Structures are given as structure tokens and as C-alpha cells.
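What follows is each chain in one-letter form.
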Amino acid sequence: MVENPGSPLHQPLLHESAQRHASGEAKYVDDFPAPAGMLVAQAAGGSHARGRIRSVDISKAKLVPGVVAVLTARDIPGQNNVGPVIHDEELLASQQVHFLGQPVVLVVAESLEACRAGVAAVKIDLEASAPIVTIEQAIAAGSWLSDEHRMQRGDVGAALATADVRFQGEVRTGGQDHFYLETQVTLAIPEENRALKLYCSTQHPSEVQAIVAHVLHCGRHQVVVEVPRMGGGFGGKETQAAPWAAMAALAALKTGRPVKVWLNRDQDMLLTGKRHPFLTKFDVGFSKDGTLVGLDAQLVSDGGFSNDLSRAILDRALFHSDNGYFLPHVRLTGRVAKTNLPSNTAFRGFGGPQGMALIEDLISRFCERTGLDPVEVRRKNFYGAAPRNLTPYWQEVKDNRLPRIFDELLASSDYTKRRAEVAAFNAKSTSSKRGLALTPVKFGISFTTGFLNQAGALVVLYADGTVQLNHGGTEMGQGLHTKMLAICAHELGVLPENVRVMNTSTEKVPNTSATAASSGADLNGQAVKNACETLRSRLAPIAARLLGGADERELVFRGGHVFLGEHPEQWVAFDALTSEAHLAQVSMSATGFYRTPDITFDRNSGRGKPFHYFAYGAAVCEVELSALTGEHRLRRVDILHDVGNSLAPTIDRGQIEGAFIQGVGWLTSEELRFDAQGFLRTHSPDTYKIPAFGDAPREFHVALLQNAAQYDVVHGSKAVGEPPLMLALAVVAALRDAVTAFGPKGREVKLDMPCTAEALLFAVEAQRQ
Amino acid sequence: MTLLRYLRDRKQLTGTKEGCAEGDCGACSVAIAELGADGQPVWRSVNSCLVMLPMLQGKHVLTVEALKQGEAYHPAQVSMTKALGSQCGYCTPGIVMSMFEATYRKDLDAPWKLDDQLCGNLCRCTGYRPIRDAAEEVAGTCPNDGFTPAKPESMELAYEAHGQRFVTPGTFEALWQELDAHPDARFVVGGTDLCLEVTKKFAVIPKLVSLEGLTELKQVSETDAFFRIGSGVSIAELETFSATRLPSLHRMVRYFAARQIKHRGTVGGNLCTASPIGDLPPALISLGATAVIRGRGGERRVLLEQFFVGYRKTALATKELLVAVEVPRPASSARAVCYKVSKRRELDISTVSAGFYVDTDGEGVVTVARLAYGGMAATTLRAAGAEAALVGKAWSAQNVALAAKALATDFTPLSDHRGSAAYRSLVAANLLRGFFDETLEVRQPPLGSQHVATVQSAEEVRHG
């Protein structure tokens, strides 16, 4: 830990809302008292996943008692479009429907009961056609949302032709519902002069503001979007809060009354997008000693019915198909398939997990075929000195921390001894076998769309020395506000209890990027720091005067005091300073801004430097697998993760543990089952199983890499939100290791992801054949 | 109206959250004062989304808002805060309420019991480790915090509003009168299944008769020959009772549901919904249980396996109810285990479940074989072919393998989102093979704390 007496920075902080979470006082959008006259709105959709709208009859719905308005595409004053990047997504379908339940009509009513009755009374006549609900069907039908995107280096054909070991095949990963505990919700309140105030659970208030303005045909200045906090986001409220917010806004504008749109759990799961499933075909070559010589892979993602963020997600999958490994000759292509399912979207990792799952699976398969030690094969392929430091997108890997992490983790997890114990157990046990694996993570930090790497802050000082902190990031549980509060208190030298983090609002910080891509603390932290530095520079002359004409450069702001570095006994209280500054007519609010330097990427050539830096980590997982039922237990997990010099080590540990278990869910128990009609059979926690209490391993060791300051990131820290999710790939590698123990040596395990009990039992059966 | 909607919409007590409205996430958990085994009132966490207001007649309810007194936080709140047990905070009030109950439970003496206490609360942020730390700190500490549960009063109630009728008779005579007047009324006890019709399908159920006021249904008694378990006995009470008396049943009850559901769900409710994937039917059928049915005219008994007459259909006639099940004491020579396979160990519905009971004579020849399966057909069914392959034969791996093969003709399971037909068939056979191994040394083995699968190896049984 970095020593910093009197400052909360780098200290074991509690979550800034923790007490209010525990007492039930923390307010979420649905908890706000209903404003007078509030209505609720719900969408009516068609009963087929694909079809032309022949007619829409809303006459009966209008007559339902309590129904106040029934709106269709024709009632939209502006653009009937909520596509965030490519405008290919209607708010209310006008001609065609593209997934089951796609909103066509919006019913606005006095109560949820009246609203549901109104929805039931809407008649939507569809001329249905056969829906496309799998990637295979989309490929066969030539149904695409994007052109092919390519990254390549070297001569992959020649490399594969001369490889000692070469094999081809497919790798599949499944989708994942975000299952934030708080479902999508917006409360829209009309204000004077046709302005609107929205309370919205979103990671991207500026985009909600922009989309609402487009839909309502007004300037963005007419729309304020405020986010108190979210009950979880995980990427699911980056773009996908906007349609529901736009519905609330439209209904509020049309009725002149406050309107809430809230999805219940089933609606949320049926109507919102999820993590993209991927199907990848590959051709890979290794040398005899396990060195990767070439990879040719075609990645296809299931984008659902519209683009949403699918192209950027596919790009990030390509960017991470190397994980931490040097690929001398490589050709990666990616394409987004169009299916008649809800539009898949951002989810923690944003394609990175799917890319990494590919290369980790290929290394596991190579080791299963050859019997080489997976730890040594992985280590052998790490990025190294030039020319082995170049990614498939031509960015150089500098400061590679994986070799150090591997060494430290192998020792701390007692890997070698446990490897022998696992072998001994497997030699005796017939009905169950154990598996052990170590896998690394290297994750690129930055929005790969360069201009998004910017952030703003507004810090407001009051004459009594207290502070209101506004920044562009949103709080979804990740502890961003806690970190920003620590940076602000550190920079101004005030006590944390005198800083209040305000709700995120588009009227405080404009034109923000989404709180996404793990970038929240990196970007907003710099902006907060920048704003505080401005305020400090304004206060310094006053402080210097109060301290008898001291040199401003020697002033230290810390712990509610300002003092001279050499003479801490000469100090002035911060509140006395601000009071004096007010009398001296000093401006006491300041904005801060930050943009990440040197981000360049040319999508056409597939070359550039899309990432400011890389985050690293590794996990050792041990499992035991039953050959009778396919059930397994995660026996022990050891993680060593690189967060630079942690801004708040307690918060970062929580991010690592939570991301890891979320990754375990994606890779094992969470299974989305759509039927042939495009209906999600697993649309509630009754059938969709995220990890529960007992799924967390009892032995769960998490450590932060020490002495790991990151150059050119706020206070030497590193991003943490997404990278640890991919540590869960070690569970898959360990499960595959356990499956191999059921069969003869040299046989590749047949196992797709998610590794459900059923998938595992059949993998064991295949291994035994 | 559910308690959850009442708290949030009418009382503006918004600390209690709706996460799923089906009892699968725990965000709506509150504490209700119920009578404990010793007759004293105790706090029990329940899902407020699955409790209709009339079911609270005479009961003391605490929501998360009550726990902070002035500026003093309850130890459950302090431990969650200090451990960083909350991130987004949305599941937190529910977790605090489950932990609140845990602070007064003196029986959380094994790690798996703490998991069981909290498995009804999903958290998507933390990965549970800090919550487990917080729970370990406060469980069983019985803080002297002034939260004394009030003794429940009579539940007797007749309530009519908005065209809906809810009656809780206090006596059987009152029940018969109500049924004579309203033969179309539906029975409800804990409501954990029935309430889903309201919260998920928005059904309006015009007439309900709650059996919670009939204290006789909550009795458990035993004779030399059998245990009599009242239909109103909660799954939580059954869990406590079966731990020592019916170890095979206990294994099923342990993963039956989350704590909140176990508190409200009842033996009778689980049997009378007659779901093909209900967990008690295969367990009780394998133990040779009998259903005790009562109408105004008196009682009749049917073997439990004959109680289920079709998909979600029972042998109950109009104006009849299940009052108890009688479970013969398992012979000490018998091997008996119940198994449950689901996608997730905790808080999940069975893909395949099974109850096995096999007795042998002094020569090791099978005298009784009851192999009951759930999830393999439209109702819980005994595997007639497999049983026939065992009875009269030596209890050997070879004969068990033959019986496992016979299962293929006993069942033609369906494929659905919980598992394919091929998986179900394979697991059904493997459970029987595994049962043979697991009971080699201990005939009615308990489930270990960190078991890998529902069926344990002989080695696991040996080491606990």
C-alpha cells in the first residue's frame, strides 16, 4: 500500500453508500415517491419474432378504464429511432417487427393494472415469416449486420502449412443475461416550456439525453437526465436504458404528466439484449515444443436484430483473441450475424471474454492432444522482447507483467504440489476427477472508438469548506463514487465527510461518455483531479497570505488543513481558507477535463494503438467433477491481479471477486435457451441460474499485485471493472483438465461453453468412449 | 395484494425491493415472527413477494427500515457495511433481513447451514465472499437489540374486497362450512406456488381458503411404526425433524429451496401441486408413505404413489384435503437416499430427482425396492422394470447395472430447458449406480458439507 497519511487515497475504504445500502435508505429510481399525477407506460408487441405489420388496432385499448393514451410510431414528433451508433432500431416498430415482443404500441395509464389491460386490448396483425434464431441459421441465410472486419500480420497460410501440430475446429461461447438486480427504469417529469427531467437507471445519461432529444425533436438543452445510482449495470444499461427512457419521455410529453416506465424481471429478460454468443471456426498451428506459429480464425457473433454496439464488441473480441500470447502469423476476421432476437449489447468485457475464450480453448486443446504442460505452454507464448512484442493489430506490448504474475501466483497457490495431489486423487477416484489450471488475462484499456476517451468534472466549493463533487461517471455499484471522492478529498486536502458526491446529471457535466470499458475511474479521476488542481491554484495565494507570505509552491493541502511542507506547525484550516477566499471574491467552482493521449486506430487497415495500456492478472482454479451427474464444485481459487497502485484496495478486491464469479456464471450455469420461435424459455431466475451463495468457493484467495504503479494513469492506478471477469476462464481450463482424466491420454475434450452439468456429463462420456 | 406491493406502493417503505416477484432472488426479504420449535416466537425471513396480506393476520412483520434505531445500526447492517458486502446495494436490504434472522439462529453450526440460510438471496456484484464473511461474524450472536418478536395471534379471518374472498378457518367445522358455501374455493397454505399466478400471470383468484389456521395440520408425531407429518408442516420444520429421523428425506429437503421458501412452503402444498418435478413426491414415495385425506365424512388413506393421478392432478375429491402423510420408519437394514440434480445446487428446480429405498434380507437378497423418480414423466413414478430387476436378487453391482438398464423401458423423459431427454436418462441410470456405491458401507448416509454432486462416492461418505 502507498503511504499517504491524512489522505483517503490508496486506503482500505468502505463503499460511500454502504450504510445506506444496508439500512434501505439508498434510493433507486423506482424508490422515488410518485410525483402527483404520475402515470405508467408499458409497450405492446407482436406475437411473432419476424413479420410485416399488416395492421394495428388500438381502438379497444383506448377504451380500457384508466388508460390515458395509446401511442404508435405516428405519434413520435422526431425520429423514430433509438439506435445508438447506427440508426437501425425503431422505438416503436412501424412496418416490420424483428424480435418477439418488439414494442409496437405504447400504452399509458393510471396504474399498472390498467396498463396491462390496455396492452392486452391492443391488436397487432402480423404477416409472420420464419425467424432466424441461431448463428448457424443466420450464416446459412446470409443474414448479417456488418461487413467482415479483419486484422492480420505475417503469412498465416505458410505458417500453418509447416506447423508441427495443426488442427481445425469450432469454439462456441454462450450468451449471458446481465441480471442486474434492479431492472430497467425511467421516471420522466415534464417541466415548463416543454422541457423534461428524467430520472433514469443508465450508464450513459448523455446518450439517453441525445436519443430523447432526437425522438422528441428538441434540443438537448431541453432534456436533463439524472442518475442517482443503479442497482447494477454490467453493460446492460449502456445503450439499452435509452428505449425505455425515450418511451417515458414521449408519454410524458404527450400527456403532460409524469410517466414511469419500469420493466418487471420477465419483461427485462425477454426484451433487452445480452452478451453476444460467438461461433468461431479456426485453423491453428503450434511447433512441437508448444510455440504458437499461426492462427486463422473467423469469429461470428450473434448481434440480435440491430447493430447496437455489436461492431465495437466484435472488434474487441478480435483485439483479445491473442490474450497474452504472441501470434507470429495471424489472420482474424469477424462478422456480426443478424438474428430475430433482442439486440445483443455491452456486457462486462465487451467481446474481450469471447476472444480470450477462443485462444485459451485452443491452448487447452493443444495440451490435451500432446500432453504438454499447459502452464509451460502458456508461459512460452507470452509476449516478449521485439519482435515477439507485436499484437495482431500492431500495437507494441510494453511492460508485460504476466511473467511476474505467473511466477508469483505459481508460488503463492502452491501449484506444483497441488498438481501432484490432483494426479494422486485422480489415480484413486473413479466416479469423480479433479482438474487444476492456471490462465492469464491481458486486457486492453481504452474505448477503441478514440474520441470517447474523455471525461469532465465540476467541483463546487462552499464558503464553509464543504464540497460538492460532480463528475461524468455513473455509480452502478463498482465504487466509482468512492474512488472519485477519495481523489477529490486527496487533491483538496479535505476530510472525506466534507465531500458529497452528487447524482450524475447531464446539467452538471455535458457530453459525457458512457461509464463503460472499465474507464470510469481512469477518465473521471483525471478530470476530478484537474478540477481540484484549478481550485487549489486559486486558493493557494490566499493560503500563502494567511500563512504570512509563504511560498505557494511549498503549500500542502491535507486532512482539512493547509500547511507549509517544511513547517507543518504553520497551518490554516481549510474552512477558514474558503471563507477568506469568498470574501476575497475568488471563484469557487471549477470544471475539470481529461482526454487520453495517443489513442489511434485505423479500422480499415486494422493497425494502430487502440489501448492506453493493458491490465493483467491470472487465476489458478481447482475443480472436482462428477462423472455420474456432471455436477462439479469449485474447490479453490487463487487470483493475483494487477490494478496498478490501487486507488481503493478494498473496492478493487470486490471488483475482482465479483467479476470472477460473474464470469464463472457465464461459463458454467447461465444458459439462455431460445426456442425455434425466438422465445426465451429461460426468462426469469426460476430457469436462468446465476451463481448463488454456495457457488462461491470456500477457499478464495485474492491478491493485488504489489509495487505496480502504472505510468500516466491517475495516481498510478489501473482499470479494474472488466479484466477480472476473464480470470474465470481458468475454471473452464480446470474442468477440461478434469475431463481428460476420465479418458486415455492424447484425446481432445469435446466441450462447449457454457459448461453446464449436462455438457460436462456428455464430455466425460465422450472422453470414455 | 402481496406484502411487497403493499410495502412499496402503499406504505412507501421502499427499502424492500422487487427483484423477480417469484421468490428466486430474495431482494424482497422481510422478517416475520413465527412460533419456533420450543413454542416461543422467532424471526423468520420470508419473500414478501409471495405473501398475500391476509396471510399475515395476527403476525409481527419487520422490514429493513425498522432495523436502524435512531443512528444505531443493527449488527447485521454493521457487519455488511464493514465487510463491503454491498456494491450496487439493491440486494442488500434482503440480505440484511436474512442475516437478521441468522443473528438469532443458534443452530447455524456448520458452514453449509450458513450457505443454506443465505442462498435465497442472489447478489450479482460481490461474488458472495464478503457477505459470507459478514454472516459468519454475526450468525448466532443473539444481540440484545430489543427486537423481540411478538407471539403470533389467531390467524382466523374472513375477508372480502374487490370481489375477492379470503377465508382462514380456525376449525375443521368452519372449514367444512366454508367449503359447503364455496365449493369452488381454492386451498392455500404458504402460497409459494399459488402466489406466482398472481405475481407472474397477474391472475385474480376469486376465492381462497387458507389452511394456516388449522393447527392440527402443523403437528408431527410418531409411533413405533411410522411418522405422521401434518400437511401444514413447513419445509423448514420438516428439515429439522428429518435431520435425525429420516436422513434420506433430509437430503432432499436440504436443497429443496431457499430458506425463505422453506419457511413458507409446506409438505401439503408441495404434494398437492402434484408437479412432476416436485421434490417431496419421489422422496416420500420411496419411503412408502401414505396420504391421509379428510373430508366432512371422515378420513381415508391412499398410498402416496396413487395420490398422483396425472400431470398436476391428485386423488383429492372436491371438499377433501390432505391432512398428513404417514411415513413408515425405515428398516435399519434398508438402504435409502434421495437425490436431486439441478442446474444449480441451491435454489433450483430439479432436472431429475429420485428417492431410492432398498431393503435386503440376511443373505443380501433384495426384499423391497422402491425407486421413485421425478422429472422423468408427467408425474412422479416408480421404476417398475428396474424394481422388478432387483427384487429377489442379490444386491450386487451387476444386478444394479441390469436394473439401471431397465430404466430405459420404464421412462421416456422429455427434453426441455432444464435438460435433454438423453441427459435425464443417463442421470437417472447413474443415480442408481451411484446409490449402490454410496451405500456400500453406510446405508443411509448424510450429505457432506462440500460434496461434489448429489450422489457421493463411498470415499466421500467415509470422510464426511
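Just so it is clear, the model here is predicted, and its values are computed rather than measured.

Focus on the overall build of chain A
- If you tally the helices and strands in chain A, you get 19 helices and 29 strands.
- In terms of C-alpha radius of gyration, chain A reaches 27 Å, essentially the compact-globule figure of 27 Å for 769 residues.
- When its C-alpha atoms are laid out on the principal axes, chain A stretches across 80 × 80 × 50 Å.
- Sorting the 769 residues of chain A into buried and exposed places 66% on the buried side.
- Taking the intrachain contacts of chain A between residues at least 6 apart in sequence as the baseline, contacts between residues at least 24 apart amount to 80%.

Brief notes about the overall build of chain B
- Counting secondary structure elements, chain B contains 17 helices and 18 strands.
- Its C-alpha atoms give chain B principal-axis dimensions of roughly 70 × 55 × 40 Å.
- In chain B, buried positions account for 62% of the 464 residues.
- Counting every atom, chain B has about 16,600 Å² of accessible surface; 53% of that belongs to carbon and sulfur.
- Of the side-chain charges in chain B, 51 are positive and 50 negative, and the distance between the mean point of each set is 3 Å.

Observations regarding the packing of aromatic side chains
- One pass over the structure, following the stated rule, counts 30 aromatic pairs over all chains.
- A ring pair is formed by Phe660(A) and Phe700(A), whose centres lie 5.7 Å apart and whose planes are at 50°; its orientation type is tilted. Linking Phe660(A) in helix α17 (residues 649–667) with Phe700(A) in strand β29 (residues 699–704), this pair joins segments that are 40 residues apart in sequence. No difference in accessibility class separates Phe660(A) from Phe700(A), as the two residues are buried.
- Aromatic rings pair up to connect Tyr339(B), Phe356(B), Tyr373(B), Trp395(B), Phe411(B), Phe435(B) and Phe436(B) into one cluster.
- Above the plane of the ring of Phe167(A) lies Arg369(A), whose end atom (NZ or CZ) is 4.2 Å from the centre.
- The ring of Phe614(A) carries the charged tip of Lys442(A) above its face, separated from the ring centre by 4.5 Å.

Focus: the sheet that holds strand β2 (residues 41–47) of chain B
Residue and element names in this part refer to chain B.
- Taken in spatial order, the three strands line up as β2-β1-β3 in an open sheet, and their pairing is antiparallel. If you trace the sheet from one side to the other, it starts and ends with β2 and β3 (61–62), each paired once.
- Summarising the sheet, strand β1 (residues 29–35) and β2 pair through seven bridges and their orientation is antiparallel. Looking at β2, one finds that Ala31 is bridged to Ser45.

Here we look at the domain arrangement of chain A
Residue and element names in this part refer to chain A.
- Along its sequence, chain A is carved into domain 1 (18–26 + 454–595), domain 2 (32–130 + 178–271) and domain 3 (278–448 + 602–768).
- Just the C-alpha atoms count here: the centres of domain 2 and domain 3 sit 37 Å apart.
- In this complex, domain 2 contributes 24 residues to the contact, which on the side of domain 3 involves 28 residues.
- When domain 2 packs against domain 3, close to 2,300 Å² is buried across both sides, 64% of that on carbon and sulfur atoms.

Quick notes on the pattern of salt bridges
- Tallied over the entire structure, the rule returns 103 salt bridges over all chains.
- One salt bridge connects Arg105(B) with Asp107(B), and the closest N-O pair in it is separated by 2.9 Å.
- You can call Arg105(B) buried: its relative accessible area is 8%.
- Arg264(B) is paired through a salt bridge with Glu212(B); the nearest N and O atoms lie 3.0 Å apart. Of this pair, Arg264(B) sits in helix α10 (residues 259–264) while Glu212(B) sits in the loop between β7 (207–210) and β8 (220–222), and the two are 52 residues apart along the sequence. In this pair, the class of Arg264(B) matches that of Glu212(B), namely buried.
- Shared partners join several salt bridges into a network, and the residues in it are Arg418(A), Arg434(A), Glu622(A), Glu624(A), Arg635(A), Arg636(A), Asp638(A) and Glu699(A).

Looking at the packing of helix α6 (residues 205–216) of chain A against helix α7 (residues 242–255) of chain A
Residue and element names in this part refer to chain A.
- The interhelical angle for the contact between α6 and α7, taken along N-to-C directions, is 45°, at an axis separation of 9 Å. Relative to α7, the element α6 lies oblique. Considering only the axes of α6 and α7, their crossing is right-handed. Residues Val208, Ile211, Val212, Val215 and Leu216 of α6 touch α7, and the partners they reach there are Ala242, Ala245, Ala246, Ala249, Leu250 and Leu253.
- Residues belonging to the contact of α6 with α7 are distributed by class as follows: 11 nonpolar, no polar and no charged.

Overview of helix α5 (residues 129–138) of chain B
- With respect to burial, α5(B) is a largely interior element, seven of its 10 residues being buried.
- Inspection of α5(B) places Arg129(B), Pro130(B), Ile131(B), Arg132(B), Ala134(B), Ala135(B) and Val138(B) among the buried residues, and these make up the whole buried set.
- Buried-residue contacts for α5(B) involve α17 and β29 of chain A together with α2 (75–82), α3 (92–104) and α4 (111–118) of chain B.
- One or two residues past the end of α5(B) sits Gly140(B), with phi positive at roughly 75°.

Considering the nonpolar core
- If you look at the biggest cluster of nonpolar residues, it comprises 156 residues, and the most contacted ones within it are Leu295(A), Leu438(A), Ile639(A), Phe660(A) and Met99(B).
- Considering each element in turn, this core owes the most residues, 10 residues, to strand β27 (residues 613–626) of chain A.
- Counting residues in each nonpolar core, the second largest holds 56 residues, with Leu3(B), Val30(B), Leu50(B) and Val325(B) among its members.

A closer look at the side chain of Gln478(A)
All names here are of chain A.
- In this structure, Gln478 sits in the loop between β18 (467–471) and α14 (480–492).
- When its relative accessible area of 18% is taken as the criterion, Gln478 is described as buried.
- Polar side-chain contacts of Gln478 include one of 3.0 Å to the backbone oxygen of Thr474.

Remarks on the interface of chain A and chain B
- Listed per partner, the contact involves 80 residues of chain A and 78 residues of chain B.
- Of the roughly 6,700 Å² buried where chain A meets chain B, counting both sides, 55% is carbon and sulfur surface.
- Between chain A and chain B we count 12 salt bridges in total.
- Of the charged contacts, one joins Asp348(B) and Lys689(A) as a salt bridge, the two residues approaching to 3.3 Å between their closest N and O atoms.
- Counting residues per element, the ones that place at least two in the side of chain A that touches chain B are α1 (18–23), α8 (265–271), β27, β28 (632–641), α17 and α19 (757–768) of chain A.
- Among the elements that make up the side of chain A that touches chain B, the one with the highest residue count is α17(A) (nine residues).
- Looking at side-chain class alone, the side of chain A that touches chain B contains 29 nonpolar, 25 polar and 26 charged residues.

Quick word on the pairing of β2(B)
- Extensive coverage of β2(B) is indicated by the burial of five of its seven residues.
- The hairpin formed by β1(B) and β2(B) contains five residues between the paired strands, and Gly39(B) there has a positive phi angle of roughly 85°.

Here is what the cut-offs are and how they apply
- For every chain, the first residue of its written sequence is number 1, and the numbers climb from 1 along that sequence.
- Starting at A for chains and at 1 for ligands, labels are handed out in the order in which the entities are written.
- Local features in a predicted model are, by the rule used here, given only for residues with pLDDT of at least 70; side-chain atom pairs are given and counted only at 80 or more, and totals for whole chains, interfaces and linings are based on all residues.
- Just so you know, side-chain values use all the structure's heavy atoms and leave hydrogens and water out.
- In this description a helix means any DSSP run of H or I spanning at least four residues, a strand means any run of E spanning at least two, and both kinds are numbered starting from the N terminus.
- Atoms counted for the radius of gyration: C-alpha only. Globule rule: 2.2 Å times the number of residues to the power 0.38.
- Accessible area is worked out with a 1.4 Å probe on protein chains only. A residue is then buried under 20% of its type maximum, exposed over 50%, and partly exposed in between.
- Here a residue-residue contact requires only that any non-hydrogen atoms of the pair lie within 4.5 Å.
- Computed with the Shrake-Rupley method and a 1.4 Å probe, the accessible areas treat only the protein chains shown as cover for residues.
- Only four residue types enter the charge count: Lys and Arg as positive, Asp and Glu as negative, with His and the chain ends excluded.
- Think of each charge as sitting on NZ of Lys, CZ of Arg, CG of Asp or CD of Glu.
- Here a Phe, Tyr or Trp ring, Trp counted by its six-membered ring, pairs with any other such ring whose centre lies within 6.5 Å, and the pair is stacked when the planes are under 30 degrees apart, edge-to-face when over 60, and tilted otherwise.
- The rule is short: NZ of Lys or CZ of Arg within 6 Å of the ring centre and within 35 degrees of the ring normal puts a charge over the ring.
- Paired strands, in this sense, are two strands between which DSSP finds at least two bridges.
- These domain limits were set by an automatic method or by a database of domain assignments.
- Accessible-area loss on putting two parts together, using a 1.4 Å probe and summing over both, is the definition of buried area adopted here.
- Any Lys or Arg side-chain nitrogen located within 4 Å of an Asp or Glu carboxyl oxygen qualifies as a salt bridge.
- Orientation is described by lines fitted to C-alpha atoms, with helices fitted over the stretch in contact, and by angles between N-to-C directions that extend from 0 to 180 degrees.
- Roughly parallel covers angles under 35 degrees, roughly antiparallel covers those over 145, roughly perpendicular covers 65 to 115, and oblique covers all other angles.
- Crossings are classed by handedness, with left-handed meaning an anticlockwise turn of the near helix from the far one by less than a right angle and right-handed meaning a clockwise turn.
- For this classification, Asp, Glu, Lys and Arg are treated as charged, while Ala, Val, Leu, Ile, Met, Phe, Trp, Tyr, Cys and Pro are nonpolar and the rest, including Gly, are polar.
- Here, the term nonpolar core denotes a set of buried Ala, Val, Leu, Ile, Met, Phe, Trp, Tyr and Cys residues that are joined through side-chain atoms within 4.5 Å.
- A 3.5 Å cut-off defines polar contacts: any pair of N or O atoms within that distance qualifies, except that in protein one atom must be a possible hydrogen donor and the other a possible acceptor, and neighbouring residues in sequence count only when both atoms are side-chain atoms.

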